[in-house]
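# Notes for the structure review
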Amino acid sequence: MKRQIERVILIRKIVMAIMVIVTLVWAFPKNNLVGKIFILPFLICAIAIFLESVFLLFNKKKLANIFMYIFRVVFFIYVYGFLGYSSYYAIVNKTYSLFIPICIFLVFSVYFIYKAFFVKK
């Protein structure tokens, strides 16, 4: 019974990932360079979730772990890119109060990286 519920959840994740991939692939060529740069990490993450779920559905845990790792790496690259751009924006526009939420997100993202990559379950 538990395995059936896990399979249903995986199939749901696959269907949702397909819908996201189709939407992002449709939107990708319609944007300029900045829009494509913004869409690309989401597209890579959606593909990684899709493939992770497919491999878990077929009980290939090693391959699923590879795509889970890819998802985490791309997600954190996106987060740090956003924080880096926010820092640049704060310095250029002299809005130093923006560094307060940037520091908060930086602390939490470092903690999540530690939990995602260095803590064994």
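A few points on the structure. Keep in mind the model is a prediction, meaning the values are calculated, not measured.

Conventions used here
Residues numbered from 1 in each chain as written. Predicted model: local features only at pLDDT ≥ 70, side-chain atom pairs only at ≥ 80, totals over all residues. Heavy atoms only, no water. Salt bridge = Lys/Arg side-chain N within 4 Å of Asp/Glu carboxyl O. Helix = DSSP H or I, 4+ residues; strand = E, 2+ residues; numbered from the N terminus. Buried < 20%, exposed > 50% of the residue type's maximum accessible area, 1.4 Å probe, protein only. Core = buried A, V, L, I, M, F, W, Y, C linked by side-chain atoms within 4.5 Å. Contact = heavy atoms within 4.5 Å. Axes fitted to C-alpha atoms, helices over the stretch in contact; angles between N-to-C directions. Parallel < 35°, antiparallel > 145°, perpendicular 65-115°, else oblique. Left-handed = near helix turned anticlockwise from the far one by under 90°.

As enumerated under the stated definition, the model contains 1 salt bridge in all. Of the charged contacts, one joins R3 and E6 as a salt bridge, the two residues approaching to 3.5 Å between their closest N and O atoms. Of this pair, R3 and E6 both sit in helix 1 (residues 2-27), 3 residues apart, which is roughly one turn of that helix. Relative accessible area serves as the criterion here: at 34%, R3 is assigned to the partly exposed category.

The next point concerns the nonpolar core. Core analysis: the largest hydrophobic core is formed by 6 residues, namely I21, L24, A27, I39, L43 and A46. Once you skip the residues sitting within four places of it in the chain, L43 turns out to touch I21, L24 and V25.

Here helix 2 (residues 33-57) crosses helix 3 (residues 61-92) at 160°, and the two axes come no closer than 8 Å. Our classification of the angle between helix 2 and helix 3 gives roughly antiparallel. Of the two elements, helix 2 crosses helix 3, and the hand of that crossing is left-handed. The segment helix 2 lies against helix 3, with F38, P41, F42, I44, C45, A48, I49, L51, E52, F55 and L56 engaging K61, L63, A64, F67, M68, I70, F71, V74, F75 and Y78.

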